[in-house]
Amino acid sequence: MRKRQLGKSELSVSEIGLGCMSLPTDQLKANKIIEVAFDNGINYFDTADLYNNGENEKIVGNALKDHRKDIILATKVGNRLNESGGGWAWDPSKKWITSAIHESLKRLQTNYIDVYQLHGGTMEDDVDEMIDTMESLKKEGLIREYGISSIRPTVIDRFLMKSNAVSVMMQYSLLDRRPEEWFSLLEENDASLLSRGTLAKGLLTADGLNRTNKTNEYLSYSNAELAAVIRQLQALDTPMTSVALQYVLQQKVTGSTVIGASSVEQLLESIQAYNKPFSDDVLLRAREITKQDVYGEHRV
């Protein structure tokens, strides 16, 4: 598994990362998936304090405690559960973050987090306080680097301009190419893209056409347009999952494409697709099939 430098940091992350939100809640089943990921060279593992009310962090911590020195562990903060546990509110305050990180460290069974990410953001946030909090956590040795998970250009722009953030996590795929408009922003600020949603909820897999039957629309694609695009991608005579992964990875700004897996079989399918070679011409043709302008328009 090839690795890439994450932004301006000294961290090297695997080109495929494991998004842990989809892991089974059964510890033994989750352990098997994580072991397969680790054995196949994946070193970037991404979770959040919000996932399953913190239980996901516990599962990840249990599964990775024996590999801690060999992995890049990332989690997120900023969504505060209410007392009933049935909902949450955005809280990026210094008071909440400095409290929440100690709970994450405990659940993850570690004394530091490699990449601590703000799990959202608004233009009403006190960005200077958020950045000062992250920098303080770095000085304390509780985190190595920090980033943000957001799809809001104005929020990302302001945060990158003012901070030493090394990463931005956002949804990006052949079917959702909106982030391409902002790649120059990331490059100018020496930050890497952590891509999520690369397989577009399974639409960009071998089962993609079947999944369109259960999908009324996807972003600005109608059901008919979506099916037409999937058929054209399938006609490239290259596994669609391979095309989807390599399309994201061809971007210089990409650090890792973070995929989810709820089973060992699902994970292995993605790893095999990643390892399958094919020509650059396939990527060019795939780009033409899904070409979008900055307003999200497309042609099929």
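The sections below set out a description of the structure shown in this document. Just so you know, these numbers come straight off a predicted model, no measurement behind them. Numbering of residues begins from 1 in every chain and follows the order in which that chain's sequence is written. For this predicted model, a pLDDT threshold of at least 70 governs which residues receive local features, and a threshold of 80 or more governs which side-chain atom pairs are given and counted, while totals over whole chains, interfaces and linings are taken from all residues. In computing side-chain values, all of the structure's heavy atoms are included and hydrogens and water are not.

**What to know about the overall build of the protein**
For clarity, the cut-off: Strands here mean DSSP runs of E at least two residues long; helices mean DSSP runs of H or I at least four residues long; both are numbered from the N terminus. Whether a residue is buried, partly exposed or exposed follows from its accessible area with a 1.4 Å probe, protein chains only, as a fraction of its type maximum: under 20%, in between, or over 50%, in that order. Should any heavy atoms of two residues lie within 4.5 Å, those residues are considered in contact. Positive residues here are Lys and Arg, negative ones are Asp and Glu, while His and the chain termini are left out of the count. Taken as the charge location is NZ of Lys, CZ of Arg, CG of Asp or CD of Glu.
In terms of regular secondary structure, the protein is built from 11 helices and 14 strands. Based on the C-alpha atoms only, the size of the protein along its principal axes is roughly 55 × 40 × 40 Å. Burial statistics for the protein: of 300 residues in total, 56% are counted as buried. Residue pairs in contact within the protein that sit at least 24 positions apart in sequence constitute 72% of those at least 6 positions apart. Taking the average location of the 35 positive side-chain charges in the protein and that of its 42 negative ones, the two points are 2 Å from each other.

**Here we look at the sheet that holds strand 8 (residues 113–118)**
For clarity, the threshold we go by: Pairs of strands are assigned from DSSP output, requiring at least two bridges between the strands. What counts as an axis is a line fitted to C-alpha atoms, over the stretch in contact for a helix, and the angles between N-to-C directions run from 0 to 180 degrees.
The strand order 3-4-5-8-9-10-11-14 describes a closed barrel built from eight strands, whose pairing is parallel. Neighbour to neighbour, the strand axes of the sheet diverge by 30° on average, direction disregarded. Strand contacts of helix 4 (residues 127–140): strand 5 (72–77), strand 8 and strand 9 (143–149), with the helix running at about 155° to strand 9, the strand carrying the most contacts. Relative to strand 9, helix 5 (residues 153–162) is tilted by about 155°, and along the sheet it contacts strand 8, strand 9 and strand 10 (167–171).

**Digging into the pairing of strand 11 (residues 192–196)**
A regular strand places its side chains so that they alternate between the two faces of the sheet. Test applied: Seen with its strands pointing away from the viewer, a crossover is right-handed if its path from the first strand over the helix to the second goes clockwise.
Taking burial as the measure, the five residues of strand 11 include four buried ones, the bulk of the element. As paired strands, strand 10 and strand 11 are joined by five bridges and run parallel to one another. When the sheet's bridge partners are listed, Met170 is paired in strand 11 with Ser195. In terms of handedness, the path from strand 10 via helix 6 (residues 183–188) over to strand 11 forms a crossover that is right-handed. Inspection of the sheet shows strand 11 paired to strand 14 (residues 254–260) by three bridges, in the parallel sense. Bridging across to strand 14, Leu194 finds its partner in Ser256.

**Regarding the side chain of Gln251**
Note that Gln251 resides in the loop between helix 9 (240–249) and strand 14. Among the residues examined, Gln251 registers a relative accessible area of 16% and is labelled buried. Beyond its immediate sequence surroundings of up to four residues, Gln251 is in contact with Arg4, Tyr172, Glu180, Phe183 and Arg287.

**As for the pattern of salt bridges**
What counts here: Each salt bridge in this description consists of a side-chain nitrogen of Lys or Arg and a carboxyl oxygen of Asp or Glu lying within 4 Å of one another.
Counted under the stated rule, the structure contains 17 salt bridges. Between Glu15 and Arg4 there is a salt bridge whose closest N-O contact spans 2.8 Å. Pair noted here: Glu15 is in the loop between strand 2 (12–14) and strand 3 (16–19) and Arg4 is in strand 1 (residues 3–5), with a separation of 11 residues, a long-range link. As far as burial versus exposure is concerned, Glu15 and Arg4 are alike and both buried. Arg107 serves as the salt-bridge partner of Glu57, at 2.7 Å between the closest nitrogen and oxygen. Placement of the pair is Glu57 in helix 2 (residues 55–64) and Arg107 in helix 3 (residues 94–108), with a sequence separation of 50 residues. The residues Glu57 and Arg107 share a single accessibility class, namely buried.

Honestly, it's all geometry; don't read function into it.
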